[in-house]
Every structure is written in structure tokens, then in C-alpha cells.
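Observations on the three-dimensional arrangement
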Amino acid sequence: MASSTARPEFQDDARSGPGVARRLLDSSATLSYDPATEVDWETPLDKDFHGASPEWSTLFGTAYWAELTEDRRKELTRQEAASVASTGIWFEMILQQLILRDIYAKDPTDDRVQWALTEIADECRHSIMFARGARKLGAPAYRPRRVAVELGRLFKTTAFGEAAYAAILVAEEVLDVMQRDWMRDERVVPFVRTINNIHVVEESRHMKFAREETRRHLAKAGRVRRNVHALLIAVSAYVIVTSMVNRKVYANAGLDEKRALAEARANEHHKAMMRSSCAGLMEFLASCRLLTRPALAFYKRAALI
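In this report, the structure presented in the accompanying data block is examined. (Residues numbered from 1 in each chain as written. Predicted model: local features only at pLDDT ≥ 70, side-chain atom pairs only at ≥ 80, totals over all residues. Heavy atoms only, no water.)

From N to C terminus, the chain includes 14 helices and zero strands. Moving toward the C terminus, one meets the helices and strands of the chain in the order α-α-α-α-α-α-α-α-α-α-α-α-α-α. Whereas a compact globule of 305 residues would reach a radius of gyration of roughly 19 Å, the chain reaches 19 Å, a difference of no more than 12%. Its C-alpha atoms put the chain at 55 × 45 × 30 Å along the principal axes. If you take every contact in the chain between residues at least 6 apart in sequence, the share linking residues at least 24 apart comes to 84%. Surface summary for the chain: the accessible area is close to 13600 Å², and the carbon and sulfur share equals 56%. Computed over 45 positive and 41 negative side-chain charges, the separation of the two mean positions in the chain equals 7 Å. (Helix = DSSP H or I, 4+ residues; strand = E, 2+ residues; numbered from the N terminus. Rg over C-alpha atoms; globule rule 2.2 N^0.38 Å. Contact = heavy atoms within 4.5 Å. Areas by Shrake-Rupley, 256 points an atom, 1.4 Å probe, with all protein chains shown as cover. Lys, Arg positive; Asp, Glu negative; His and termini not counted. Charge placed at Lys NZ, Arg CZ, Asp CG, Glu CD.)

All right, on to the nonpolar core then. By size, the foremost hydrophobic cluster in this structure holds 91 residues, and its most contacted members are Leu59, Leu76, Met178, Tyr250, Leu255, Tyr299 and Leu304. Per element, the largest residue contribution to this core is 13 residues, and it comes from helix H4 (residues 70-103). Here Leu304 is in contact with Ala237, Val241, Met274, Arg275, Cys278, Met282 and Tyr299, once residues within four sequence places are set aside. (Core = buried A, V, L, I, M, F, W, Y, C linked by side-chain atoms within 4.5 Å. Buried < 20%, exposed > 50% of the residue type's maximum accessible area, 1.4 Å probe, protein only.)

Here we come to helix H12 (residues 268-277). Taken as a whole, H12 has its buried residues at His270, Met273, Met274 and Ser277. In an axial view of H12, the angular spread of the buried residues amounts to 95°, which keeps them on one side of the axis. Where H12 begins, the capping side chain belongs to Asn267, and its oxygen is found 3.0 Å from the backbone nitrogen of His269. (Arc of directions from axis to C-beta. Polar contact = N/O pair within 3.5 Å; in protein donor to acceptor, adjacent residues only side chain to side chain.)

On to the packing of aromatic side chains. Following the criterion strictly, the structure yields five aromatic pairs and no others. Aromatic pair Trp115 and Phe209: ring centres 6.3 Å apart, planes at 65°, arrangement edge-to-face. Residue Trp115 is located in helix H5 (residues 111-136), and its partner Phe209 is located in helix H8 (residues 190-218); the two are separated by 94 residues in the primary sequence. Using a relative accessible area of 2% as the deciding quantity, one classes Phe209 as buried. Each residue in the set Trp115, Tyr165 and Phe209 is aromatic and connected to the rest through ring pairs, giving one cluster. Of note, Arg259 hangs over the ring of Tyr64, and the distance from its end group to the ring centre comes to 4.1 Å. (Phe/Tyr/Trp six-rings, centres within 6.5 Å; stacked < 30°, edge-to-face > 60°. Lys NZ or Arg CZ within 6 Å of the ring centre and 35° of its normal.)

For the rest of this paragraph, the subject is the pattern of salt bridges. Tallying each qualifying case throughout the model produces 23 salt bridges. The salt bridge involving Glu212 is made with Lys208; its shortest N-O contact spans 3.2 Å. In this pair, Glu212 and Lys208 both sit in helix H8, four residues apart, roughly one turn of the helix. Given the relative accessible area of 4%, Glu212 is considered buried. The exposure class assigned to Lys208 is buried, which follows from its relative accessible area of 1%. Each member of the salt-bridge network shares a partner with another, and the members are Arg22, Asp26 and Asp111. (Salt bridge = Lys/Arg side-chain N within 4 Å of Asp/Glu carboxyl O.)

The subject of this paragraph is the side chain of Ser53. Relative to the helices and strands, Ser53 is located in the loop between helix H2 (35-38) and helix H3 (63-67). Classification of Ser53 as buried rests on a relative accessible area of 4%. With residues up to four places along the chain from it excluded, the contact list for Ser53 reads Asp181, Trp182, Asp185, Arg187 and Val188.

What follows concerns the packing of helix H9 (residues 223-242) against helix H14 (residues 293-301). Running from amino to carboxyl end, H9 crosses H14 at an angle of 10°, the nearest separation of the two axes being 8 Å. Considered as vectors, H9 and H14 are oriented roughly parallel to each other. On H14, the residues touching Ala230, Leu231, Ile233, Ala234, Val235, Ala237 and Tyr238 of H9 are Pro294, Ala295, Phe298, Tyr299 and Arg301. Looking at the contact of H9 with H14 residue by residue, the class counts come to eleven nonpolar, no polar and one charged. (Axes fitted to C-alpha atoms, helices over the stretch in contact; angles between N-to-C directions. Parallel < 35°, antiparallel > 145°, perpendicular 65-115°, else oblique. Nonpolar A, V, L, I, M, F, W, Y, C, P; charged D, E, K, R; others polar.)

With that settled, consider the packing of helix H7 (residues 161-184) against H8. For the pair H7 and H8, the least separation of the axes is 8 Å and the interaxial angle reads 155°. One finds that H7 runs roughly antiparallel with respect to H8. Once H7 is placed against H8, the crossing between them reads as left-handed. For the contact of H7 with H8, the class distribution of residues is twelve nonpolar, eight polar and ten charged. (Left-handed = near helix turned anticlockwise from the far one by under 90°.)

Here's what the structure looks like:
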């Protein structure tokens, strides 16, 4: 099994491109996992465990949560974890297409291109891992709303440069913080902890590359392009975050969907957790001058700031 150690850290520096990519390639060769063998897929699901840390449930701290039995709470967190995994698959498919478009017809001997291909290979494994994990949690295939799917289709076709890489970073940063909590939480079912650990370790490299590429592309961006892309990144963040937990998780966990959805939307505890998880991300976006006034409106609507 993968150990539940924290991800390796990579210090930001002034170097861009090949130097960073070479270090990431070396790290990947040293520390990567094969989910097919690292995750315990054979042991039946133990329903005495949660699917995610209860504090991350969209209903934690609400009156409805207080009324639920412990078994019902555990089922809810399993359904929510499966929904987050399904959303992760959806965005990883977008991510792969963005990166392939960025490196299309570029020098395949360049370290940056080779790292990009390595990242795509990682994301393919992660998508399969998330799909198998959701199935083992006893959940259906949760899909984003149709409007989110179509917006994703438009984004993956048109986004480029800093808009593509900063949006990738947004999705990965939000997942990273919650999954760090889950992978260390002994209340969470062991195979989910292993999945989260694998994702945290390998996504640390992806986030490093996304930061470097965002900075590199912004160096060539004028004021108008920067402002337009700042808004596009914020809209993408809003769509991603609001798609993470499908409304159907409540009915599938045996809850009143209408009441659960209303209490989840008003849950200040969950909003505070999301804001806390995005503090580092917002600091990075601010340093890149991507927190414009229109962009801030969408981050606030998504409870990211």
C-alpha cells in the first residue's frame, strides 16, 4: 500500500520550463504509484467507515446532520466522496485535452513536452482509480449538470496559456487540501485513504508545473488578455466547485433531497472549510494579478474567498 506520508514539496524559483520539467520527470521516476496494485480492490467495502472525513461533508454542522444516525452519516460521506471522484474524472479529461493541445506538434525531446506526457499518463491512471473507487463505494456514476458539461466542452476547446494552466491549478488545489485530510483520517475506509494518498503525492508535481506554466504564459500577456483570462479562470473555478457534490448523493444516501440541498447551500461550516482550503491558491492568483474585481465575484459565489 502507498504510505500516508505527505506529498514531496517543490520550492518555487525563478527557473522556468526545462529546469522545472526535468526535476519533475526525475521525481516521477522515483516516486509514482500503480493504483492497480497499490489499492486494495479485493477486500469488500467495510460500511463501518466513512468515505471522507465527516467534517468535509456538505451537511456537517447542520440541523439535518444532527438528526442523522451514524450509519446514515457514513453512507452520505461515501456518496459524497464518490461524487467528488466522478467530478475529478470529468475535469481530468478536460485537463488532458488542454495539455495535449498545448504540446501539439512541439519538440518531443524537450523536457517540458515529456513532462506533459507524463502528467497525462498520471491522469489516465487517476481517472481509472477514481472510477473503481466510486464503484467500490457503492455509488452510481455521478455526472455534472448538462450546462457544466457543455461549458467544459467549450473551455477545453478554446482555453489556452495561463487560462488553461491556472484552471488546472484551481481544480487540483481544491482537491489537494481535502484529500490530505481524508488520507490521514482513520475514520475513512482504508482503500479511499490509499487513493487519496496516491493522488496527493502525484498531483503535487502537476500543481508545480501548472504554477510555472501560468507564470510563464502571463509574462507574455497584456492587460486585456490578463483581465479576460482572470474572469475565465474564476468562472471555471465556480463551475468546478459547484459540480463537486451532485445533488443526487442525498437521495442515494436515504435523505430528503430537497431539505438536504437547502441546508447544504446554507452551510457556513462547509463554506469556511472551502475558503480555508483555497487560501494558498488565492495568494498565488493574487501574486499573478488574476484576482480582478469581476473574478472575485465568482470566487465569492463559490465560497472560495
